[in-house]
Amino acid sequence: TLQYDPEYQGITRSMFDVAPGMFPENPSITHLYNQVKVVCHDVLERLGEHGLHRLKALPEGMHRIRIAQYLLSGVGSDEELFPPHRDFSLLTAFIGSGAPGLQVQTQGAWRSVHLEYGDVLIGAGTPLSQFFKDWKALHHRVVGGADYRLSAFMFYELDRDVVLPKSRETYGDMMDRVRRDTHR
């Protein structure tokens, strides 16, 4: 847990991942996880049976919820807290917390997206855009706008053995490479 210090100028960020089996069962997290997983699966069902079979989404319990806390002091509302990027998950479900700061890029401009408690925004990740040309990976970032920001999002993952059509590498190999490159 982060503590608010009114004398601190800048950004303090803390993130952790939650998935079934990682921590002792928490009924609230388990409920949230199950509900968001259903929403993601419903989105993928719209691709049709051929799409779901092609994607081989991971079995029960392999998706992750990430919780991110930001304490902000002296940070402007347009200052980037997390730089522009596209996620490497199949889908990312942004779970509303009422806090400002999430922006998506559409038609070359950054637009704020306000998600209230209970709202869920589903964004396509780079693997989905490799399988379906009409789906573009959501380009997004986080900016200031409040003294405190708590956000939660779910990464809905592919099976590690699925071969990505453009790069011809497996999803697992791509994720290993991304993690290696990120931690350099």
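Remember, predicted model here, so these are calculated numbers, not experimental data.

J.: Quick rundown of the layout of surface pockets? Include the residues and the values.
T.: The volume enclosed by the largest pocket comes to roughly 800 Å³. In this structure, the largest pocket is lined by 33 residues; those nearest its centre are R66, F82, H85, D87 and F155. Those elements giving two or more residues to the lining of the largest pocket turn out to be β2 (64-73), β3 (80-85), β4 (91-95), β8 (140-143), β9 (148-156) and α4 (171-182). Per-element tally for the lining of the largest pocket: the top contributor is β9, with five residues.

J.: So what's going on with unusual backbone geometry? Which residues, and what values?
T.: Here Q107, not a glycine, exhibits a phi torsion of approximately 50°, which is positive. Relative to the elements of secondary structure, Q107 occurs in the loop between β5 (102-106) and β6 (109-112). Unusually for a residue other than glycine, R168 sits at a positive phi of about 65°. Within the secondary structure, R168 is located in the loop between β9 and α4. Looking at R168, the relative accessible area reads 61%, which means it is exposed.

J.: Describe the confidence of the model for the protein chain, and please don't skip the residues or the numbers.
T.: Residue-level pLDDT values for the protein chain average 79, and 74% of them are 70 or greater. The lowest-confidence element of the protein chain is strand β1 (residues 10-18), averaging 60 in pLDDT; the highest-confidence one is β6, averaging 95.

Rules of the game
- Residues numbered from 1 in each chain as written.
- Predicted model: local features only at pLDDT ≥ 70, side-chain atom pairs only at ≥ 80, totals over all residues.
- Heavy atoms only, no water.
- 1 Å grid on protein atoms, 1.4 Å probe; cavity = no way out; pocket = protein on both sides within 12 Å on 5 of 7 lines; lining within 4 Å.
- Points joined across faces, edges and corners; volume = space filled by probe spheres on them.
- Helix = DSSP H or I, 4+ residues; strand = E, 2+ residues; numbered from the N terminus.
- Buried < 20%, exposed > 50% of the residue type's maximum accessible area, 1.4 Å probe, protein only.
- pLDDT = per-residue confidence, 0-100.

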